[in-house]
Each structure stands twice: as structure tokens, then as C-alpha cells.
Amino acid sequence: MNISTETIITIRKFRCSSQDSLDEQAMVDYFKEVEIIQRSGDAETQEEVQLKVADEGEQEEAWLMEAGLATLFDESASDGEDSIALLSTLTRTQAAAVERRVETLKQTLRKRNKPYSVPDVREIFKPASQSNGAGPGTPGGGADAETDINLEVSFSEQALTYKEGLKVTQPQNEADDRLPDFRVSQDKTGQTRVGDLSAEDMKKVRRLVLIEMSALFDTCGIEVKAHKALKVRVRESGLFGVSLSTLLEQDQRRIPGTKVPLILQHLMSHIEEQGLDTEGVLRIPGAATRVKAVCHELEHKFYEGVFPWQSLKQHDAASLLKLFIRELPYPLLTVEYFSAFTSVLKLPTKKQQLQALNLLVLLLPEPNRDTLKALLEFFQRVTDHKDRNKMTLNNVAVVMAPNIFMCKGFRSKISEQQEFAMATGTANIVRLLVRYQNLLWTIPKFVLNQVRKHNMENQRKMHRDRAVKKLLKKMAYDRERASDKQEKNTEAEGGFIRVQAPQFSKVSMAVQLTEDLKASDVLTHFLSQERSPSVKREDLCLYEMGGNIKERCLDEETYITALLELNPSAEWVIKSVQH
């Protein structure tokens, strides 16, 4: 397909005025994809999502509610004690982010002459500013090389240190093979990934990550206006144009535990089965009329299991995959965080851009995050065959960016100049998402440490309640008299830990505690004693449970003695895990 001469002239003019533009061929490929999308006539019956920027004060109020801090503007909110515990964990920059939004809300309410009960921000943050300073760790310590990602110190605190150091760099558009090889420094307490924590602790993670993400943008002087979607009529069943939550409800009735829509899984598998060496896979479109016919056929035959997959051409399958993404009634990256994703490249360094993407991935709802992960892994497998299929990371990024970012509600809202800027920006964001996907699903240690502190604050408040305190004393007394507790204390004094495995025949075992003992060693020791032949190493995980964490599936490189220093009251449990 050839794009118009006018478009090529505009591309050349835009590239001359932009320091961070894609090369001309990449821009041409991008706008070829845009024309394919426009010609496909998507959403004949789909209503366009109507977007609205939140009114003054409304955005701050919604932000405080999402951060679990509704009590700061509504005294009747039920989470007052929990909010105080959360505030006590904040770093300087995080506290400043909350303070800024409280103050903005306060001024808005004053303008409207509305009664309000927003407390004085100086009173709110006095404890945080005195006790937390720069937060867990020291901004100058830990990983400081340009390609090292420091997960121990708040990203916004690192950005402040960078800003105060007056380092100014202009982000550049590197080729595939020149993107930095970022790495995370080894942490003896183990890395934590999405899925390793309990739902209760993940809720705390999400609240802290929202505050941290806002603090990072604030520190860099970047204002992000959140959109909100007005409700529209969407299909309540089917495959295309159906929300992720509805799709997963349908799929989970057929296959419990499904995390990624089955239709998307089948399309990716079909493309791979036909070979990823095909030149232009994802780039060359299928025949529009045939794709449309196959789409209707899938709607009627997919769940019946009678769709003739053997007759589906590879390029048609790729077109259907892209159609599925852009036909989602709400964007994969969500309406709420869409502006934040598109603002990532405004951050001054690649490292800060990567940190922001890490936080944004953690903020996505679970269905969106799981679906994005499956897509990024698929895109990586496509680029692994670039020598044959001619689909480099850049090629995949420019082809997929319009399908991910040109969602309904945004298409008709931008000018031509904005569209060219968006081509460069969104393609570069997709590049970063694919290239660094292994880092983006990691929960930073400083956030996990804040969750631990939050849990300890909540526990201290619970202990202050006299009735609970009395009950806990009785429970503690009973436990101290129990023989298993005595056994545990004896083992601890003797340099052993007690590992429980209630799901297996070997329900309990003692493991000698050494400086070099890792989670992997505990699992190896367990397997040497477990009699069931059906137990496989890859299906097991050692969990840290109790103390200052609800539960956490441990990275096999975790050093047990280092983790005991962080959580002395932890217990150790081996459980089977679902992959």
C-alpha cells in the first residue's frame, strides 16, 4: 500500500523539526498502518468512547480516593486509621505529591464556597517529613551506574537527586541494538514480581505506586491530566468489541483460571504455528473483506469449537489480532492512565522513562496487565526471528503502536501535527515496553518495604486496642505452652528453621540455617525427602508468611538469613503454584 505524497511531505517536514523522530521509513510504515485501520471501517456498530478531562478539584478528589486517602477530605470515610498508617510510610517526594493534591482540592472547594474539612497539610505531613526523609535507602547509595536500576530507593527521590545535580540530557531515539542494557542489581532478600504477593498486600502496593508515579512526574515538572470515560453501551457477549472483564468471565466459565482472553491466545498461537519466519508478519495486512468475514465466522463458531483454524491465513490472523486490540471498548492501557503512558517520554532519561513504565504497568487492572504481558511476550518472539521475517523491534513498534494507542475517543481529538508527534512517541513507548518487559513486572523493593512498614503500623494500632491486646496475650500464652512452639524455639536457637508443607506428605521439616542458605536450597532439601513422584520442582514455591507481610512467593535466589533480618517473625511454607 502506498501512502499519499502529501503525507510523505508532512513526514519530512515533521522530522526536520523533531529531534526525537523515527526515521522516514518507520514513519511511512506507521501511517500505512493508520490507513489500513481507517480503511478497515472498524466498529460499525460500536459506540465511540466519550472522554472527558476531570474538572478542577475532581481529579484530585478521585486521586485521593484511589490512593486510599479519602479521609483527607472526607471525615466520614471509613479508612481513617489505615490512611494514617499509609501516610507514615511516605517519602519526602511522595508526601509532597499528596500535599499538592490536598492543597489543590482545598483551594477548589474554597473557590466554590463549599464547606470542607480538609486538614492542614502541615499537620498531615509533619510525622512523614520528620521520620522518612528520602525514604528507604539513600538516593546516593545502591545502584548508581547509568544502566543499573535501583529498586531500593524511591524513583521520585532518585529523580530529585538527579534534578538537584543539574544533569540535563536530551532523550534520543536509539536504534534497536543501542537501547541500554538495563539490569537490576542482585538483592539478597529476593526480587518480587506481580503475582508473588497476596491480594491484600497487592492492594497496598497499588496505592503506594499511584502516589509514587505521581511524585515522579511532579518532581520532573510534568503535569499529567487524567481522562475519564463516560459510560457507553458496549457488547455484553461475543469476541470483538467486548470488554476484557466480560471476555474473561465468558472464558473462565469454560476454563477456570483463564487470565488472557482465549480468542487472543488462539490467534497468537495460530500465527506462531504457521511460522514466525514469514516476512512482514504483523506488518502485511490480510485481505480486508476476508478478515471481516472471518471475524463474523469466529463470533459464531469460536466457542462452539467448530471454527476451521486450518484454513485461516497467517496475515489474516495477524489482522484479526490487531482488530481485537483496537476494538476493545476501553483502551488496553486504560482511559485513566492513557495520558500518563503518552507522557512517559517527557521524562529526561531513559532510566526514568523505564521507572515510570514499571509503575504504570503495576497500576493497570489485572486483566489489562495480564493481556499486555501476553502480547509483549508474543511481540518479543516475533522480533527473535527478525533476520528472516524483517520485523525488528522498531518495525513491530511502529506497526503495533497505532493499534494500541489509536483507541476510540482519541482518534478524532488530535490535530495533524499532534498525530505526527504521537507516531514518534507511541512507537517509542511500545519499543520500551517490548525491550524491557522483564523488568516492568517487578515490584520495587522500596515499595515492598513501605508495605511492610504499613503492615507493622496497622499491627501496632491493633495491639493498642485493650480488648484485642488482652486476647493476643492469652493467645500468645497458649502458643508458648504448645509443644510445636517449644520445638520451633529450640530449632531457632540451634540454627534451624522449621519449614511447613501442609499440601504434601512431608508436612514439616527442619532446615539448617547458614549464611548461604537460599530458597532454592530449601526446595532441593524438601524434594529429597518428599515421597510423592508427582511433585515437580517447577510447581513449588517457598513462601515467606506472616510478620510484616501477608505472604510472598520467594525468588529462588533469596538468602534466608538476609530475609530473616528484614522479617524476623516470618514463617516458611512450601506450596504448589499455578503457572
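Heads up: the structure comes first, above all this text.
Residues numbered from 1 in each chain as written. Predicted model: local features only at pLDDT ≥ 70, side-chain atom pairs only at ≥ 80, totals over all residues. Heavy atoms only, no water.

Counting its regular elements, the protein chain contains 24 helices and eleven strands. Within the protein chain, buried positions represent 51% of all 579 residues. The contacts in the protein chain between residues at least 6 apart in sequence include a share of 76% that link residues at least 24 apart. As presented, the protein chain carries roughly 27900 Å² of accessible surface, and 49% of it is formed by carbon and sulfur atoms. (Helix = DSSP H or I, 4+ residues; strand = E, 2+ residues; numbered from the N terminus. Buried < 20%, exposed > 50% of the residue type's maximum accessible area, 1.4 Å probe, protein only. Contact = heavy atoms within 4.5 Å. Areas by Shrake-Rupley, 256 points an atom, 1.4 Å probe, with all protein chains shown as cover.)

On to the layout of surface pockets. To find leftover empty space, one rolls a probe the size of a water molecule over the atoms. Empty space within the largest pocket amounts to approximately 1500 Å³. Together, 39 residues line the largest pocket, and Val194, Gly195, Asp196, Lys259 and Gln578 are the ones closest to its centre. Of all the secondary-structure elements, those providing two or more residues to the lining of the largest pocket are helix 8 (199-219), helix 15 (366-383), strand 9 (540-546) and strand 10 (549-553). Ranked by the residues each element gives to the lining of the largest pocket, the list is headed by helix 15, at six residues. Residues of the lining of the largest pocket, tallied by class, amount to 16 nonpolar, seven polar and 16 charged. (1 Å grid on protein atoms, 1.4 Å probe; cavity = no way out; pocket = protein on both sides within 12 Å on 5 of 7 lines; lining within 4 Å. Points joined across faces, edges and corners; volume = space filled by probe spheres on them. Nonpolar A, V, L, I, M, F, W, Y, C, P; charged D, E, K, R; others polar.)

For the structure on display, the rule yields one disulfide. Across the disulfide from Cys541 sits Cys553; the S-S distance is 1.9 Å. Between Cys541 and Cys553 the disulfide shows an S-S torsion of about 125°. By sign, it is right-handed. Here Cys553 lies in strand 10 and Cys541 lies in strand 9, a separation of twelve residues in the sequence. Grouping residues by exposure puts Cys541 and Cys553 together as buried. (Disulfide = S-S within 2.5 Å.)

Of all seven residues making up strand 9, five are buried, and the element is well covered by its neighbours. When strand 9 meets strand 11 (residues 571-576), the two strands line up antiparallel, connected through six bridges. Residue Tyr543 lies in a different strand from strand 11, and its bridge partner there is Val573. Here strand 9 runs beside strand 10; their pairing, made up of four bridges, is antiparallel. Each bridged residue has a counterpart across the sheet, and for Gly546 the counterpart in strand 10 is Ile549. Between strand 9 and strand 10, which pair antiparallel and follow one another directly, the connecting turn spans two residues, one of which, Gly547, has a positive phi of 75°. (Pairing = 2+ DSSP bridges.)

Right, let's get into the packing of aromatic side chains. In total, this model carries ten aromatic pairs according to the counting rule given. Between Tyr30 and Phe31 the ring centres are 5.0 Å apart and the planes differ by 70°, which places this aromatic pair in the edge-to-face class. With respect to class, Tyr30 is no different from Phe31; both count as buried. Ring centres 6.1 Å apart and planes at 55° place the aromatic pair Phe378 and Phe379 in the tilted group. In terms of burial, Phe378 and Phe379 fall into one category: buried. Through successive ring pairs, a cluster of aromatic residues spans Phe302, Tyr303, Phe307 and Trp309. Taking NZ or CZ as reference, Arg254 lies 3.9 Å from the ring centre of Tyr303, over its face. Seen from the ring of Tyr543, Lys575 lies directly overhead, with NZ or CZ sitting 4.4 Å from the centre. (Phe/Tyr/Trp six-rings, centres within 6.5 Å; stacked < 30°, edge-to-face > 60°. Lys NZ or Arg CZ within 6 Å of the ring centre and 35° of its normal.)

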